[in-house]
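# Topology and contacts: notes
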Amino acid sequence: MELAIFSGKPAFVKPIPVGFPIVEADTRQRFHGLMDEAFDRNYLTNDGPFLQQLEREIARLHDTAHCAIVCNATIAQMLSLQALGLDGEVILPSFTFIATAHACLWQNLTPVFCDITEDTLTIDPDQIETLITPRTSAVIGVHLFGNPCQVEKLEAVCQKYGLRLLFDASHAFGCSYGDRPIGGFGDLEFLSFHATKFFSTFEGGAILTNDASIDQKVRWNRNFGFAGYDNVQYLGINGKMSEAAAAMGLASLPAVPRRMANCQSIYKGYRERLSAIPGVSIVPVGEQGKSNYHYVVLLIDEAVYGVSRDVLVSVLWKENVLARKYFYPGCHQMPFYCRLYPQKTWHLPVTERVSRQVLCLPSNLPHPEEDMDIIADIIATVRKNATRVQQWCAMNA
Ligand code: T4K
C-alpha cells in the first residue's frame, strides 16, 4: 500500500477515533421507550426509579452489596476519598488518566506517584513500600485497560501499614480477577460510564463497595450532604445522575454480552495481524480473569520497529486512524504536576518508557475485519519504509 503521507489519500474516508461510541439500533429503541416513560412519570433526576434500577443491576453484575451511581468517575473518586475520611498522602500510579491524580488534589490529598510493572501496566506493589511515610493514608490501584492490579499484594501492603485501599476501575466494567468480579476489592472501587467507555451512560460513574457505611456517606454527599429533608449534615456536592443517563445505562445493559464478544474478537484479530511485525507488541489483557477487551494497546519499540511511537501516530492520523497516546506523559510529567512539585525527582523508569511507547488503536470499528486488515497493513508498511517515513517526518516536523 502507499501511505497517505506520500500519496495524500487516506485509507479511511471518515476518521475512526479511539473511544467511538457504538449505540446499536436495539439500544436506541430501548432508550427512546425509557425516555417516554420518564417524561410520562415527570421525574427526571434526584434518585429516580431508573437510577435505582441501574444501581441494582450494576451491583449484581459486579457482585457487590452496594452500588451508588454518580455523574462521572472523577466525582465518584472525590466522594470516595471524602467518605473514607482520608488526609495526607495517597499513593497512586503515574501511568493513568489525569483524573485519578486530580481527584486527590481536589480532596486536599497529596498524590504520590508510583511506578507500574511491565506485565500488566498496573501499580507496582513492591515500590509502594518505599513511598510510604507517616502521612500516607491510602493506596489507589488502577485496573488499567481492564487488567486487574495485583490485588493480593496490594491488600497485604495496605493491611501491614494500616492504609485504605481503593481501585479506579474506570476501564474495568464487567472484568474479573480470577473468578471474582472487579467491584468488591479493597474498601471500594469506582467505575466510569463515560461515552468513550465500554459501558456508557453519556457521562456517569459508580462507587461499588461491600461496606454499608461507605455507601451511605457517598449517597448523602452526592446530594449536597442532605441526610433527610431540610437536614444537611455533611459537606456534600451535586454528584447526581439524571434519569436520562440512567435510562441510557438500562438500555445498554442487554448489549453488554454482545459488546464483550465483539471487543474480544477485535482484540484477537489485531493480535493475529500485528504479532509478526518486529518492534510492535500488543499489551495482553484477559490473562488474569475476564476482560471486556475494550482497549487495544500497543507498545512500539523504536529500536526494532524503525520509527518512534510518535511518528507512527502521525502517520496513522494522516490515514484517519485517530490512535491515542493513552497515557502520555505520565501524570508526574504533566506540566501542571511539574509546576506543583518543581523540586521533586520521581523514580518511575517503567512509566516513562511505557508512556513513550504506548498507543491505543480504535476498537470500535465499523467494518471490523476489513478495517483491521487496513490498519495492520499501515503499521507493517511503516516498518518496511521506516527510512522514507523518517525522512518525511523530518521534513514535515
Ligand atoms: N480514571 C481513568 C483511568 C480514566 O481513564 C478516566 C477517564 C477517569 C478516571 C475519569 O472518568 P470520567 O470522570 O470521565 O467518568 C477521554 C474521556 O473523556 C475520559 O473519560 C477517559 N478516561 C479518557 C481515557 O478518555 P479524552 O480527553 O481523551 O477524550 P476526547 O474528547 O479526546 O475523546 C476521545 C475520542 O473519542 C475522540 O477521538 C473523539 C471520540 N468521541 C468522544 C466522545 C465523547 C466520540 O467519537 N464520540 C463521543 O461522544 O478523555
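In this text the structure is predicted, and so the values were computed from the model without any measurement.

Each helix and strand in the chain was counted, giving 16 helices and 14 strands. With the principal axes as the frame, the chain shows a C-alpha extent of 70 × 55 × 40 Å. In the chain, buried positions account for 55% of the 397 residues. Accessible surface computed for the chain: about 17,300 Å², of which carbon and sulfur atoms make up 52%.

Next up on the list: the packing of aromatic side chains. For the structure shown, the criterion picks out 20 aromatic pairs. Between Tyr267 and Tyr293, the aromatic rings sit 5.3 Å apart at their centres with planes inclined by 45°, giving tilted as the arrangement. Of the two residues, Tyr267 is situated in helix α10 (residues 256-274) and Tyr293 in the loop between β11 (280-282) and β12 (296-300); the sequence distance between them amounts to 26 residues. Each member of the pair, Tyr267 as well as Tyr293, carries the same accessibility label: buried. Every member of this aromatic cluster is reached through a ring pair, and the members are Phe95, Phe97, Phe145, Tyr295, Tyr326 and Phe327. Over the face of the ring belonging to Phe50 we find Arg41, whose NZ or CZ atom lies 4.6 Å from the ring centre. The cationic tip of Arg309 hangs over the ring face of Tyr328; the distance from NZ or CZ to the ring centre is 4.8 Å.

A surface patch of nonpolar side chains, about 250 Å² in accessible area, is lined by Phe224, Phe226 and Val232. Inspection of the secondary structure puts Phe226 in the loop between α8 (212-222) and α9 (243-252).

Moving on to the site of the ligand. In the vicinity of the ligand, 24 residues are found, and the nearest of them are Thr74, Asp168, His171, Lys197 and Tyr326. Between His194 and the ligand, the recorded distance is 3.3 Å, taken from a side-chain N or O atom to an oxygen atom. Taking 930 Å² as the accessible area of the ligand by itself, protein coverage stands at 74%. Under a 2 Å grid-point criterion requiring more than half of the atoms, the pocket assigned to the ligand is the largest pocket. Of all the secondary structure elements, the ones that give two or more residues to the shell around the ligand are α4 (73-83) and α5 (98-106). When grouped by side-chain class, the residues that make up the shell around the ligand number 10 nonpolar, 11 polar and three charged. Two domains each put at least three residues into the shell around the ligand: domain 1 (4-21 + 255-395) and domain 2 (25-254).

Take the domain arrangement of the chain next. Split by domain assignment, the chain resolves into domain 1 (4-21 + 255-395) and domain 2 (25-254). Taking only C-alpha atoms into account, the centre of domain 1 sits 27 Å from that of domain 2. With 42 residues of domain 1 at the contact, the number on the domain 2 side is 44 residues. Surface buried jointly by domain 1 and domain 2 totals about 3,600 Å² across both partners, of which 60% is contributed by carbon and sulfur atoms. Joining domain 1 to domain 2, the criterion identifies two salt bridges. For Glu118, the salt bridge identified is with Arg353, shortest N-O distance 2.4 Å.

Moving on, we get to the packing of α4 against α8. Helix-helix packing is characterised by the crossing angle of the two axes and by the distance between the axes. In the contact formed by α4 and α8, the axes pass within 9 Å of each other and the chain directions differ by 125°. Looking at the two axes, α4 sits oblique to α8. Once α4 is placed against α8, the crossing between them reads as right-handed. Within the contact between the two elements, α4 uses Leu79, Gln82 and Ala83 and α8 uses Ile214, Lys217, Val218, Asn221 and Arg222.

Our focus in this paragraph is the environment of Ala65. Looking at where Ala65 falls in the secondary structure, it is placed in the loop between α3 (49-61) and β2 (66-70). In sequence terms Ala65 and Leu208 are 143 residues apart; their C-alpha atoms lie 7.8 Å from each other. Setting aside residues no more than four positions away along its own chain, Ala65 makes contact with Thr209 and Asn210.

Definitions and cut-offs
- Residues numbered from 1 in each chain as written.
- Predicted model: local features only at pLDDT ≥ 70, side-chain atom pairs only at ≥ 80, totals over all residues.
- Heavy atoms only, no water.
- Helix = DSSP H or I, 4+ residues; strand = E, 2+ residues; numbered from the N terminus.
- Buried < 20%, exposed > 50% of the residue type's maximum accessible area, 1.4 Å probe, protein only.
- Areas by Shrake-Rupley, 256 points an atom, 1.4 Å probe, with all protein chains shown as cover.
- Phe/Tyr/Trp six-rings, centres within 6.5 Å; stacked < 30°, edge-to-face > 60°.
- Lys NZ or Arg CZ within 6 Å of the ring centre and 35° of its normal.
- Patch = residues over 30% accessible without salt bridge, like charges linked within 9 Å, V, L, I, M, F, W, Y side chains within 5 Å.
- Salt bridge = Lys/Arg side-chain N within 4 Å of Asp/Glu carboxyl O.
- Near = heavy atom within 4 Å.
- Polar contact = N/O pair within 3.5 Å; in protein donor to acceptor, adjacent residues only side chain to side chain.
- 1 Å grid on protein atoms, 1.4 Å probe; cavity = no way out; pocket = protein on both sides within 12 Å on 5 of 7 lines; lining within 4 Å.
- Sits in = over half its atoms within 2 Å of the grid points.
- Nonpolar A, V, L, I, M, F, W, Y, C, P; charged D, E, K, R; others polar.
- Domains from an automatic or database assignment.
- Contact = heavy atoms within 4.5 Å.
- Buried area = accessible area lost by both parts, 1.4 Å probe.
- Axes fitted to C-alpha atoms, helices over the stretch in contact; angles between N-to-C directions.
- Parallel < 35°, antiparallel > 145°, perpendicular 65-115°, else oblique.
- Left-handed = near helix turned anticlockwise from the far one by under 90°.

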